[in-house]
Structure formats: C-alpha cells, structure tokens
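Commentary on secondary and tertiary structure
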Amino acid sequence: MSDLEDFELDMAIGAAVDAADTEENPFASLPRLLRLGLECIGRGKRIRERVAAEVMAIAPAAEPRIEAWLSKPGDAPFKALVKWLDREAVLRDQPVLKALADAILLLSVSPFTKHRDAQARVALGLKVAFDKLQFDLDVDTRSHASKLLIGWSMVAAGAFTSTRETHAIDACMRLAASVFDDLSNQMFQDAKADAENSIAREQERTGLGKLIGAKPSRLIPPGHILVCPQPSGNKIGSLTSGLTHIVGQPVPLARTPDLAQVRRDLTAEFPHLTATIDRLLADLVGREHVHVQPLVLVGPPGAGKSRLVRRLAEALCVGLWRTAAATSDGGAIGGTDRRWSNTQPCHPVLAIAAAKHANPIVMVDEIEKAPVRNDHGRLWDVLLTMLEPETSKRFLDPSLQVECDLSTISFIGTANSLDPLPAPLRDRMRAISVPEPTAGDLDALLPLVVNDVTRERGMAAAWVEPLDGVERGLIAENWPGGSLRQLRRLVETVMSAREVGKTMH
C-alpha cells in the first residue's frame with residue numbers, strides 16, 4: 001500500500017471514531033487532522049487533553065507515554081508516543097492509532113525545528129484530508145483549510161529552517177495571498193450588492209425609501225473588523241476625540257509578514273534567545289494576520305524581555321502599546337467611567353487608535369508587580385476579561401459605553417516570576433522562558449550593544465572602531481554573563497574611556 005493510500009485509510013477510519021468536542025465548533029465536520037490544526041490557530045481549549053483521551057479510549061496501555069507527553073517538555077516524550085502508536089497500529093490492525101499519531105505530531109512539532117520527516121508526514125496527512133473535503137463546504141472554512149495546508153507544506157519544505165533564499169516558497173506565498181484576497185473581495189462585493197438590492201426592494205415595496213432616506217448598513221471589507229460601534233450620548237465629541245478613525249469605522253488588520261525574515265532579524269539581535277523566538281513565531285504560522293495567543297515572557301531582570309517584545313512588534317510591522325503594571329490598576333487599563341471628567345477608553349482601544357490597525361501588541365510590563373488593592377479594580381481582574389475569547393469580542397468600554405472587539409489584539413506580559421500571579425491568569429497566558437545570556441554569548445552580543453550605544457550617542461556606526469582585544473578583555477573580566485543592562489553599562493564605560501583618551505592626546 002502506498003503512503004497516500006495508507007493515509008487515506010487512516011483519515012477515513014479516524015473520522016469515524018473522532019470523539020472531539022463539537023459544541024459550537026465551525027470546524028466540527030472536518031477530518032480530525034484539519035480540525036485540530038485550525039483549532040490550534042483559533043486557541044481551541046484543551047486540545048492535547050482531548051487527543052490524549054481519544055488515545056486512551058482505544059489503547060489504555062498508552063497511559064504512561066500519554067502522561068509523559070502531556071507533562072514533560074522536549075522531543076523525547078512525543079517521539080516515544082508516536083513510535084509506540086505506529087507499532088500498535090500494525091500489531092493490532094488499528095490504523096486509527098496511526099492517524100492519532102499524526103495528530104500528536106501536529107501538536108508537538110514546532111515549525112522552526114528540524115523534524116523534517118515528521119513535518120512532511122503532517123503535511124501529507126493534511127493534503128489527504130483536504131482532498132476529501134465536501135464539495136459544498138462553505139467558502140470561509142475551505143479558505144482556512146487551504147491556508148493551513150499551504151503553511152504546513154512550506155514547513156515541510158524547510159521554509160523556516162533553511163538559511164538560503166527560497167524564491168519558489170516566496171512565490172507560493174504571494175500566489176496564495178493573491179488568490180485569497182481575490183476570493184474575499186469577490187465575496188465582499190457580492191454581499192454588498194445583495195444587501196443593497198435587498199434594501200432597495202424593501203424600500204420600493206413599502207414606499208419608505210423616500211420618507212426616511214434609508215442607506216444600506218455598513219459592510220466590513222475583507223481584512224477589517226469593526227472595533228467600536230458608534231457610541232451615543234451628550235459627550236460624544238469629547239469622548240471620541242482622536243478616535244474618529246476607529247469608532248464606527250472598519251479598521252484594517254496587519255498582515256503576517258515573511259516569518260523566515262522576521263526570525264533571521266530577531267535571532268541576529270538576540271542570539272541567546274533562539275528557542276524563545278521560535279516559540280513566539282510558531283503561533284503565527286498559517287495566520288493571515290498577526291495575532292499571538294496571550295503569553296508572558298518569564299526571565300531574570302536584564303534578560304531582554306521588554307526589548308524583545310518591542311523588536312518583535314517592529315519586525316512584524318505592528319504597533320506596540322506598553323502598560324507598566326506596577327503603576328496601573330484596573331481603572332487604567334480597563335478605562336474609566338464616562339461620568340468622570342477625566343474619562344478615557346481602555347488601553348487596548350487606545351492602542352488600536354495609535355497603531356491605526358486592529359491587531360497591535362499590548363505589552364503589560366512587569367505584570368507580577370501589579371497593585372493588589374482593588375480600590376479601582378485590580379489590573380489582573382480586568383485583564384482576565386480581555387484574554388478570554390468570548391468576552392474579549394464584547395468588552396464593554398466604560399467610557400464609550402459600547403461593546404468593543406479586542407479579540408485581535410496580542411497580549412504579551414513580562415515577569416521576573418510567575419509566583420505572584422493569580423491562578424486564573426496563569427491559566428490563560430502561556431509562559432515562555434527568557435534565559436539570561438552567558439559569557440559564551442559575549443562575542444555575539446558585543447557588536448549589537450556597541451551599535452546601540454553608538455546610535456543613541458548620535459554617532460555614525462561606520463566611523464566607530466570595533467572594540468579591540470584589551471577593551472574586550474576588560475568587559476569579559478567584569479561580565480560573567482547575566483544582565484544585558486550591566487553589559488551595556490560596561491560598553492558605555494569603555495567607549496567613554498576611549499573618547500576621553502582621544503581628547504587627552
């Protein structure tokens with residue numbers, strides 16, 4: 001039996017025994033592998049646990065390997081589980097176990113790792129599943145499935161691990177984006193024409209058109225969302241000052257750029273954070289527009305957490321709004337009531353207004369240091385409503401007094417420790433480690449720090465000599481690794497001493 005026939009059998013049997021949660025799931029009718037891939041992008045709940053329950057229902061003997069997969073990081077647990085399932089599928093003549101192994105690979109393999117065989121296996125499984133989609137499937141679901149398949153095909157081709165330019169992959173991305181844009185625009189124009197014709201027919205039938213001058217309701221173009229409906233009341237002019245371009249108006253979404261280039265830029269600046277950067281960017285694979293799940297970067301002071309978030313926003317070409325948790329309460333980030341003279345909308349709405357697109361990054365810096373007093377509400381409690389998918393789409397802004405859609409914002413926190421955070425907040429935010437650099441990273445970091453110091457002093461980098469052996473040795477003696485702030489201060493001291501020496505001579 002060929003690989004293709006083998007996968008077709010796996011998918012057919014796997015779909016018949018699928019026990020995943022189908023409640024309110026637009027992808028419920030899709031084959032398992034496609035559905036899981038799309039649910040991962042859509043922040044589906046407890047996906048790993050659901051797949052684990054399927055495996056346990058069919059093969060209870062897998063329990064120790066399932067527990068290791070769910071609880072232990074690294075490659076070894078999922079590789080051992082997949083190998084065991086593949087063997088049991090043959091011994092017990094149950095191809096569904098092999099299909100479940102594909103699902104585990106999809107949930108375990110990062111697009112930026114070099115598991116090329118596993119990535120190719122997932123891509124092949126998605127291709128077989130896509131080919132079996134129903135002909136009358138709605139266009140939106142088919143579009144999402146197509147983008148997922150293209151994304152994983154690029155992963156399997158090494159688009160995000162190869163250091164060489166891949167023009168064919170770039171062309172594939174442009175072609176796919178063009179096809180989906182054309183399809184979306186055509187659907188929008190058709191919907192707009194249908195709406196206008198329907199309203200015109202109703203006005204002609206009732207004769208109300210001449211009396212009320214009715215106009216078709218505003219339609220949202222593809223790649224846009226309505227963030228804030230038009231509020232009402234006596235203070236609207238002052239309330240919406242500076243927000244008129246997003247209130248009652250469709251707001252565009254920033255598209256996901258070339259992730260391979262983003263990764264190259266970030267790893268060049270943060271050579272000690274390659275694994276962290278890969279985990280950050282993995283959330284964006286297959287997404288048409290920039291959006292990462294809520295997360296918190298955890299690491300010691302001076303490890304570069306805040307700077308990494310800022311450079312991530314710049315590399316993704318999205319706005320960044322910084323909220324200092326230590327000086328903010330719930331009334332600050334969540335907005336203040338309209339009845340107060342100093343009323344203002346919530347920070348995410350202000351972030352969208354400043355960025356001029358609906359999916360900026362909101363960074364909550366030092367989130368563990370937020371005040372615990374609740375005179376004006378705790379920042380943590382307000383943040384919970386913004387992180388939950390259901391409530392984030394309908395966040396009631398106390399100043400505008402309308403429900404705002406904050407679901408496209410990427411919330412990223414930074415913290416030295418997760419211990420002070422309440423359990424509900426830790427449950428909603430993925431924790432990603434940001435290790436501090438070591439002495440072995442010094443040679444990679446020094447040119448970057450020197451360039452930063454040079455730029456801030458208004459000097460042209462081309463006219464600044466690199467650090468010589470003596471200067472480098474002095475820095476190495478006093479910096480054994482750790483805080484980047486300390487390394488920067490040492491570089492500033494050495495460069496200042498150099499300038500003083502030139503003046504004396």
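So, here is what we can say about the structure in this document. Note that this is a predicted model, so its numbers are computed, not measured.

This part takes up the nonpolar core. If you look at the biggest cluster of nonpolar residues, it comprises 72 residues, and the most contacted ones within it are L34, I104, L126 and L297. With 9 residues, helix 6 (residues 95-108) is the largest single contributor of residues to this core.

This brings us to the packing of helix 7 (residues 116-131) against helix 8 (residues 139-156). Contact geometry for helix 7 and helix 8: axes closest at 8 Å, N-to-C directions at 155°. With respect to helix 8, the axis of helix 7 lies roughly antiparallel. Judged by the twist between their axes, the crossing of helix 7 over helix 8 is left-handed. Residues R116, Q119, A120, V122, A123, L126, K127 and F130 of helix 7 pack against R142, A145, S146, L148, L149, W152, S153, V155 and A156 of helix 8.

Once that is clear, we can look at the pairing of strand 3 (residues 295-298). Burial of the side chains of strand 3 extends over both faces: L295 and L297 are buried on one face and V296 and V298 on the other. Pairing of strand 3 with strand 8 (residues 410-415), which is carried by 4 bridges, proceeds in the parallel orientation. Paired with V296 across the two strands is G413, which belongs to strand 8. Pairing geometry for strand 3 and strand 9 (residues 430-433), over 4 bridges, is parallel. For V296, the partnering residue across the bridge sits in strand 9 and is A431.

What follows deals with the pattern of salt bridges. In this structure the tally under the stated criterion is 21 salt bridges. Measuring nitrogen to oxygen at the nearest pair gives 2.7 Å for the salt bridge that ties E269 to R307. Residue E269 is located in helix 12 (residues 259-269), and its partner R307 is located in helix 14 (residues 305-316); the two are separated by 38 residues in the primary sequence. Residue class for R307 comes out partly exposed when judged on its relative accessible area of 27%. Of the charged contacts in the structure, one is a salt bridge between E492 and R488, with a shortest N-O distance of 3.4 Å. Here E492 pairs with R488, and both are found in helix 22 (residues 484-504), just 4 residues apart, close to one helical turn. The structure contains a network of salt bridges with shared partners spanning E269, R307, R310, R311 and E314.

An α-helix turns once per 3.6 residues; consequently, residues spaced three or four apart project the same way. The terminal C-alpha atoms of helix 8, which comprises 18 residues, lie 26 Å apart, in line with the 26 Å expected from a rise of 1.5 Å per residue. Burial in helix 8 covers these residues: T141, S143, A145, S146, K147, L148, L149, G151, W152, M154, V155 and A156. Once helix 8 finishes, G158 follows within two positions and takes phi at roughly 85°, a positive value.

For the rest of this paragraph, the subject is the side chain of H291. Tracing the sequence through the fold places H291 in the loop between helix 13 (274-282) and strand 3. Polar side-chain contacts of H291 include one of 3.2 Å to the backbone oxygen of S407.

What follows covers the environment of S410. One can find S410 in strand 8. Expressed as a C-alpha distance, the spacing of S410 and V292, which sit 118 residues apart in the sequence, is 5.3 Å. Of note is the side chain of S410, whose polar atom sits 3.0 Å from the backbone nitrogen of V292.

Criteria and cut-off values
- Residues numbered from 1 in each chain as written.
- Predicted model: local features only at pLDDT ≥ 70, side-chain atom pairs only at ≥ 80, totals over all residues.
- Heavy atoms only, no water.
- Core = buried A, V, L, I, M, F, W, Y, C linked by side-chain atoms within 4.5 Å.
- Buried < 20%, exposed > 50% of the residue type's maximum accessible area, 1.4 Å probe, protein only.
- Helix = DSSP H or I, 4+ residues; strand = E, 2+ residues; numbered from the N terminus.
- Axes fitted to C-alpha atoms, helices over the stretch in contact; angles between N-to-C directions.
- Parallel < 35°, antiparallel > 145°, perpendicular 65-115°, else oblique.
- Left-handed = near helix turned anticlockwise from the far one by under 90°.
- Contact = heavy atoms within 4.5 Å.
- Pairing = 2+ DSSP bridges.
- Salt bridge = Lys/Arg side-chain N within 4 Å of Asp/Glu carboxyl O.
- Expected span 1.5 Å × (residues − 1).
- Polar contact = N/O pair within 3.5 Å; in protein donor to acceptor, adjacent residues only side chain to side chain.

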